[in-house]
Every structure is written in structure tokens, then in C-alpha cells.
Amino acid sequence: MMSSGMGETLRTRAITSTLTARMAPTVPPASQTYEPLVRSALRQRLIHNIFAFSAAFTLVVSILFGGEDETSAFARLLSPGTWAMGCLKWFVGVLPVIAMRKVYLTSAATPATSPAKMLTNAIAKPSTRRCLAVYMSCTLMLITLYMSSFTSEERENIRLNVFVKSRKHPYYLNGRLLFLILAQLWLAASFLLRNIMLDRFVFRWTKSFNPSELPYSPSNLLKLLLTMALFTSFSLMAYSVAFGLSRMLALPLLLKLPVVNSIVRPFIAHFAKGTWTLTLPILHWSLLVRSFMIGLVTVMSWEFAELLFDAYVPQPIKVSTLTADPNVTVVSGITTQDTVFAHFAYSELAELASDESSAGSARRTALFGDQKYSPSLWNVLARQSLLRLGQDYQTFLRRGAPITPPVVVAPAIPKPKDPPSTPLIRKAIFQAPRQSPLRSMLDSVSSDSELSKAAEAVAGEMEERASQMHIPELFRSVAPSSVAAPAANAVLAKPASSIISGFIAQVQSRSRDFVAGCCPAWLKGSTITWNKWFYRERLNKVVEVCLPNRELDALIIEALSRFVCASLSEDRYGVVQRDIPRILEAFISFLSAIEEYQIEVNAKYTPPTPDELSQGATKILEEKEMMRLEVARAGDVLVVVSDALKTGVANISRTFGDKLVAFKFPPRTARKLQSFVDYA
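Residues numbered from 1 in each chain as written. Predicted model: local features only at pLDDT ≥ 70, side-chain atom pairs only at ≥ 80, totals over all residues. Heavy atoms only, no water.

### A closer look at the overall build of the chain
Put simply, the rule is: Each helix is a run of DSSP H or I of at least 4 residues and each strand a run of E of at least 2, with the numbering of both proceeding from the N terminus. Exposed residues in this analysis have more than 50% of their type's maximum accessible area, buried residues have under 20%, and partly exposed residues fall in between, with area computed by a 1.4 Å probe over protein chains only. By definition, residues are in contact when any of their heavy atoms lie within 4.5 Å. Under the convention used here, a 1.4 Å probe and the Shrake-Rupley method define accessible areas, while residue burial counts only the protein chains that appear.
Along the backbone of the chain there are 29 helices and zero strands. Relative to its full complement of 680 residues, the chain shows a buried share of 35%. Considering only contacts within the chain whose residues lie at least 6 apart along the sequence, 81% involve residues at least 24 apart. Summing over all exposed atoms, the chain offers an accessible surface of approximately 42,500 Å²; the carbon and sulfur share of this is 64%.

Dropping the structure here:
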């Protein structure tokens, strides 16, 4: 037994040790912890709030305004067909609009300072064309549902058949139906233009939830009805004018085109007959009323859905408490690159920083004392917050201009030195044989002889001197071709695109002058006023470009300042105190820059002088009043960040007081901070 045991191979195992250092985990990214929870909450809001209320509104509008017969609204309420038609209208006409708003929602505001720039930027985006296609598709489907609700006899009674009743021309399109369809498409394009001017595809942050601001409150419903009625009325008025001008100007030209004429004449040739005036649609009053009611129901349903989206989506979301470690979840949320998710994360952090309950104090203490992650939770929070503030501060100093990449100059490659070498003798080393006199004479008159080369050199020198001399115009035609060649090349070198663009610009200028000469004086004045309004830069929009993330910056400042104030009694290890100088320096630098810009903005407005008031200079007074309003709106934009900075610095100064002497600050920061300490 012993011998067999000794013959076996002995196996040894290393003893594990816990003395070796283990790498601490990092804070997980927001895409794994925070963003899925927020997406789930937004999905619930989309289904239970936006979809449900917009479908109910579409159904109610269909019951109230959807009847063409003499049946009452109560009878339509009890009719299953009305409910089915209302749900179908919402599915094909409103649901795609909500989905489009969700897909193209962005956090980056349009950097435009005038309506012209805003419209130009929108047209340049491919998403705008897709949105227009969605609106027009929804409009066409709603018109199809509307026409399908009538029988053939009813369509004939209201004169909305596809073709006119004519045996000779059975394919002539019905002008009334064409007017109705084009009116709805015009309304769809106008509604998209309104959304572009309102910049509705940009995420708008709302800090507080006010039930009175919900779109289904009675006051907001009345406001919605009046606003959309006015919008539909003005849009149809503009459409009637455009339809009449196209009928008088564009249609005759269209029928004169060779190929197009043969295609469209069997369908629209009858539109060229008869007279047309801009007041002709008034004679078809029933058609105008029908177009108005269909358009009003459509745009009201769209606008109500848009208002629901504006009201419910930006509301704060608390999702960190649904996880096992809420501090890790909410801190990881601020590391996201999406500004929309960062809004929700900082909103939750600001609420945590201001929570005075025992649970909130315990969470803050755990946040300050975290040693599980590397870097710690507080280090991640402070670094990410100061980084975002620093980026927005640099954007503000550049006045919203993009970062210009530095020009990198490639270093010159040094030319390698030639290695030393033995010089080569490139001449004949043997004596040339003597040539005969006849051979020498023939070589002298050849093309490559020394005499020919000398003659060419003299001719070239004389030609160069002639090109430098002033030649009278009389002798230009007999000048050498080599002298005229550079000028011809210069003419040919001019790009054809510049010639074409210059010609187009000249044609536009001549056309504009011709139209201006034919227009009456009141129309010229209206055009000048419109151009000035359309292209003039708004001062408040210029300031908004400087502070594109002002609501997020205010949330960051509020959260950081409240955490710093709470750290005086809840930070056991002093990790927050190490960052107080950096935080205060960032706050005060940002505040000083905003105050300097505020002075610059306020200086743009000069009150009217007594002479201007006494003389009644209407134009000057209107311009100054307009500038006063823009300065006030620009101040409202700057106040969002400046008030948050003042409140944050004042709270920290009031909390720490004389304890701030223990920190070192730059002289400029110390002087500014001293004023807050003295005031506190």
C-alpha cells in the first residue's frame, strides 16, 4: 500500500491570495442602465396619453363636425359607423403625424436668426421633404375617406364627381373636386410651414407640470378652435389667390408646351375656356365652406396631437428608484451623449439634491462616500457637469459660432544631401576625325546646326521684346500669334458656371426691376415691409444661438450648487470640498461673461428723445419700440442661466460663509465671490 502510494504523482495547488489589487469597475454607460428605462417611460406616455387623447379628440370632432346630412350630433354619437370612421381617420390621418414627430424629434435647436434663415435651413434638410410627404399623404387619405362616405348619387348632388358630365369630353376633370383636393394639400403644406417657423421638431424642456396648460382644458380647447379657424381662413384666402393666378398665368403656358399639351389637354383643356377672376371662388360659396370645414377638422386634429406631444414628452421622469442602485443609474444617465436624456437625468439629480427627507440625505451621503467605482460617482458627476458647462461656456464666448478646426501645416520634408561621387566626364575623350569641306557645308545649313540654333535664339529674343512693347490698335491684327495666345487662353479659362450664374443674377435683377416698375406704390411698400420682416435678424434669436442649451445648463448649475451645499454636513470624507474651487470658478466665469454680454445687448436700445416724441416720427418710434421688445426678449434668454448662476453662488456663499477662506481662487474670481459673501 505504501509503495503504490509513493509511486503516484503528487499534485500541488497554489494557495489563492486576496492581497493582490483588483480593478474597481467603472460606472456603466447610460445606454445600458438609464436610457432603456427612460425609453420605456416615454413609450408609456406616448400610448396612454398622446395616442389615447388624440384618438378621442379625433372621434369627438368627427361626431360634432362630420355630418353632411340632417342627422343630429346625438344620433351620430350612437352610430357605430361614425365611431368606425372616426377611428379610421385617426389611424390614417393623425397617427402618421405623431410617429413622424417622434422620429424627427431633435435636441439641437436650429441656429437661425431670421425667418429666411430658418426656412432655408429647413429646406436643406431631407427630413423636411419627408415630413411634407407624410402630411400630404395623410391629407389624401382623409379626402379619400371623406369621398367614400358618399354614395354616387350624393356625390353627383354635391357636384364632386371625378369627371364632368359630358358626352363629347368624358375625361374632363371636375374643377370643383380639383379645387377641393388642392386646397387640402395647400393646407398641409401651410401647416408644415407653421411648424417650421415654430421650430416644433426641437425638444422643449418644461420644468413644472401645470394641469391648466394641458391642451384638453376648456380654455385651451377654445384657443385651439379660434387659432386653427383663423389659420385655415387665411390659408384658404392665400390658396384662392394662388389658384386664380395659376389658372390665368401658368395654365395657358402649360397648354402651349409641345409634349405636355398632348398629355394634359384631354383632362384640363376646359379650364382654359371662359373668364377667371380672383373673386370667382366666392360665387362657389358652398365649395369654399366645404373646403374650410374639411381643412379645419384636419388641422385641429393635427394641432391637438402636437400640443399633447409638447405637454407630455418633456415632463420630468423618475426612473432611478426602480433599480437596485438608484445613485449609479442616475449618475450614469448624465454620461449620455443625447441632450434629451441628459435633461431627464439632471432633472432627477436636481430633485435628489434638494430632497430634505431622511431618504434623500441617505442617498446623498452614499453618493459622496462611494468607493466602489473608479472613478467614484461624485467624480463622474462633477467632471461630466463641468465638462458640459465648459463646452457651453466656450460656445457662448464664440457667440454660437462653430469651432474652426486648426490649420495643420505639413512639415517640409528635408531634401537629402547628395552623396559624394566622382565627377563624370561627359565629353569625348578621343580626338574627332577631320570632316571633309562638303560635309561641313551641309551640316551648317541643316535644321539642328549651330547657325539655325543661333537664328532661333535671336528670333525668340526679338519676339519677347515685341510682346513687352506697346503695339497700337491698328497693328493688333498682324501681331504674332504667340502674343495673342495668352489673352485667348485667359478668356477660355474663365469658368462657364460663373458666366451662367452672372447671367441668371442679371435676369433676376432686371425682372425684379420690371415688376417693381409695374406695381402700384402701396404694393411696393408692402413688399419692402415684408422683405424687411423676412430677412431681418432678431436680437433675441441671436442670443438664443449663443445659449442653445440654457435649460440644461440651469439644471446642471442647480444640481451642482445644491450638492455642494449639502456636502457641508453629509460629506464624511471631504471629496466634494476638493472640487469647490473649480465649481465656483466655473460659475463666476460664466456669470461674468453673461453680465458683460447683457450690457452689450442693453446698449443696442436707445430710448426715444423728446424731439422724436414731440415730432411724432412714426417710423423711428416703431423701430425703437421693436428694438426694445427684442432687447427684453434677449434678456429673458440670458436670465435663464444668469439667475441660476447667481442663485447657485449665493447659496454656496451663504452655506459656507467664512469657510471659503480656506480655498484659493484666482484674483478675479475672488473679487466677484467676495461681493456674494458680503451680501450673504
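### As for helix α10 (residues 175-198)
Rules: Residue count minus one, scaled by 1.5 Å, sets the expected span of a helix.
Between its first and last C-alpha atoms α10 spans 34 Å; for 24 residues at 1.5 Å apiece the expected length is 34 Å, and the two agree. Among the residues trailing α10, Asp199 stands out with phi positive, at a value near 55°.

### Here's the deal with helix α8 (residues 126-148)
With 23 residues, α8 extends 33 Å between its outermost C-alpha atoms, agreeing within 8% with the 33 Å of an ideal straight helix rising 1.5 Å per residue. When we look at burial in α8, the residues that qualify are Ser127, Thr128, Cys131, Tyr135, Cys138, Thr139, Leu142, Ile143, Leu145, Tyr146 and Met147.

### Notes on the side chain of Thr336
Note the following rule: In protein, a polar contact means a hydrogen-donor-capable atom and an acceptor-capable atom, both N or O and within 3.5 Å, with residues adjacent in sequence counting only if both atoms are side-chain atoms; elsewhere, any N or O pair within 3.5 Å suffices.
In this fold, Thr336 is placed in the loop between α15 (326-333) and α16 (339-353). Residue class for Thr336 comes out buried when judged on its relative accessible area of 4%. For Thr336, the side chain forms a polar contact with the side chain of Glu35, separated by 2.6 Å. Apart from residues lying up to four places away in sequence, Thr336 is in contact with Ala30, Glu35, Phe341, Ala342 and Arg388.

### Concerning the packing of helix α18 (residues 377-397) against helix α25 (residues 550-570)
Note the threshold: Think of each axis as a best-fit line through the C-alpha atoms, taken over the contacting stretch in the case of a helix, with angles from 0 to 180 degrees between the N-to-C directions. Should the near helix be turned anticlockwise from the far one by less than a right angle, the crossing is termed left-handed; should it be turned clockwise, right-handed. Residue type decides the class: Asp, Glu, Lys and Arg count as charged, Ala, Val, Leu, Ile, Met, Phe, Trp, Tyr, Cys and Pro as nonpolar, and the leftover types, Gly among them, as polar.
At a minimum axis separation of 10 Å, α18 and α25 run at an interaxial angle of 140°. At the point where α18 passes α25, the crossing takes the left-handed sense. Where α18 abuts α25, its residues Trp378, Leu381, Ser385, Leu386, Arg388, Leu389 and Asp392 lie against Leu552, Asp553, Ile556, Ile557, Leu560 and Phe563. The class makeup of the residues in the contact of α18 with α25 is nine nonpolar, one polar and three charged.

### With respect to unusual backbone geometry
Note that the residue after Ser374, namely Pro375, is joined by a cis bond; omega there is 0°. Structurally, the position occupied by Pro375 is in the loop between α17 (358-368) and α18. Residues other than glycine seldom take positive phi values, yet Asp199 does so here, at roughly 55°. Judged by relative accessible area, which is 13%, Asp199 ranks as buried. Not every positive phi belongs to a glycine, and Arg399 is a case in point at roughly 55°. Structurally, Arg399 can be placed in the loop between α18 and α19 (437-444). Exposure remark for Arg399: the relative accessible area of 33% places this residue in the partly exposed category.

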